[in-house]
Structures are given as structure tokens and as C-alpha cells.
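Secondary and tertiary structure notes
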Amino acid sequence: MNMVAVVLVLVAITAGPCFATTPIGSSPEPDRGDLGIQEQREGKKFCIAKPVEVDDKTLEEAIDYACAAGSGVDCSPIKPGGACYEPNNKRSHAQFAMHSLFVVNNGSASACSYRGAFARSTVDPSHDSCKFEGVESAP
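A short tour of the structure in this document, coming up. (Residues numbered from 1 in each chain as written. Predicted model: local features only at pLDDT ≥ 70, side-chain atom pairs only at ≥ 80, totals over all residues. Heavy atoms only, no water.)

1. Describing the pattern of salt bridges
Within this structure, the stated rule accounts for four salt bridges. Of the charged contacts, one joins Glu-136 and Lys-44 as a salt bridge, the two residues approaching to 2.8 Å between their closest N and O atoms. Of this pair, Glu-136 sits in strand β5 (residues 135-136) while Lys-44 sits in strand β2 (residues 44-49), and the two are 92 residues apart along the sequence. For Glu-136, a relative accessible area of 57% translates into the label exposed. Here Glu-61 makes a salt bridge to Lys-57, at a shortest N to O gap of 2.8 Å. (Salt bridge = Lys/Arg side-chain N within 4 Å of Asp/Glu carboxyl O. Helix = DSSP H or I, 4+ residues; strand = E, 2+ residues; numbered from the N terminus. Buried < 20%, exposed > 50% of the residue type's maximum accessible area, 1.4 Å probe, protein only.)

2. Remarks on unusual backbone geometry
Of note, the bond from Glu-86 into Pro-87 is cis; its omega dihedral lies within 30 degrees of zero at -5°. The phi torsion at Asn-106 lies on the positive side, around 55°, for a residue other than glycine. Structurally, Asn-106 can be placed in the loop between α3 (90-104) and β3 (118-121).

3. What about helix α2 (residues 56-66)?
Of all the positions in α2, only Thr-58, Leu-59, Glu-61, Ala-62, Ile-63 and Ala-66 are classed as buried. Residues of α2 that are buried sit in contact with α3 and β3. Measuring from the backbone nitrogen of Lys-57 back to the side-chain oxygen at the start of α2 gives 3.2 Å, which picks out Asp-55 as the cap. (Contact = heavy atoms within 4.5 Å. Polar contact = N/O pair within 3.5 Å; in protein donor to acceptor, adjacent residues only side chain to side chain.)

4. Focus on α3
Here α3 is 15 residues long and its end C-alpha atoms lie 21 Å apart, about the 21 Å a rise of 1.5 Å per residue gives. At the N-terminal end of α3, a side-chain oxygen is found 3.2 Å from the backbone nitrogen of Arg-91, two or three residues along, and the residue is Asn-89. Once α3 ends, the next one or two residues include Asn-106, with phi positive near 55°. (Expected span 1.5 Å × (residues − 1).)

See the structure below:
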């Protein structure tokens, strides 16, 4: 066996299976910030955190931006004891704050675009006692 073949065999053995776990033609289920299973709501739009790694600093800035005085957003639900406090992490709190800003701004795309970390979706991120109000989709 030549050296190239030995290296390829070793790479294959150490790398594990070389197949995708997601069927071809479908996309992997996006991370929704550990908020549980959500339902798709046709005709409604929600502002959700994108399924990408976003640093805590950006998430904290998004919360501050959305909850700023004068924004019209009520961020009391993400305070201790609030309906959306759990799970207590920056990602879920930022998602609530940015979605609330999105609602206050009648579903404006620009209200759901903080540093590219959020996107509009028909997936309802409501969970447990934390309910997200959907915005009517334009025809």
C-alpha cells in the first residue's frame, strides 16, 4: 500500500462516516435558541434569531437597542419573574426584544435586522407562557 492510500484510510477512519444526516434537498432544522418546538403560522411573520453563532455582546446590544426608552417595546416579560424570562439566556431574551420591536414597527424588515443576527420567519417562537404576537404578512 502506498503512502497516499495509507493516509486516506487513516483520514476516513478518524473522520467517521462521510455522509450527511440531513436528506439531500432538505435543510437542517434551525436552532431556535433552545425554546422548544415551534409551529409555522401561515400569514403571520415573526422576528427570530438566525441559526448562526452570534456573540453575547451583539445579543446584549440587540436587547439594549430594542428595549431603549422611546422604542415602544415593553421588555418587562424578559425580566426576572416575567413570562419570557425562561430560558434565561441572551439569545432568547434578544429574540423576544427584537420580535417586540418588529411588532411595534408593523413587521418592517429593518426592525428585524440588527447586525444580521435576526430574520423574518413564519415560524412562531412562542414557548410555554411566552407568547409571540405574529404580524400579518403582506400578500
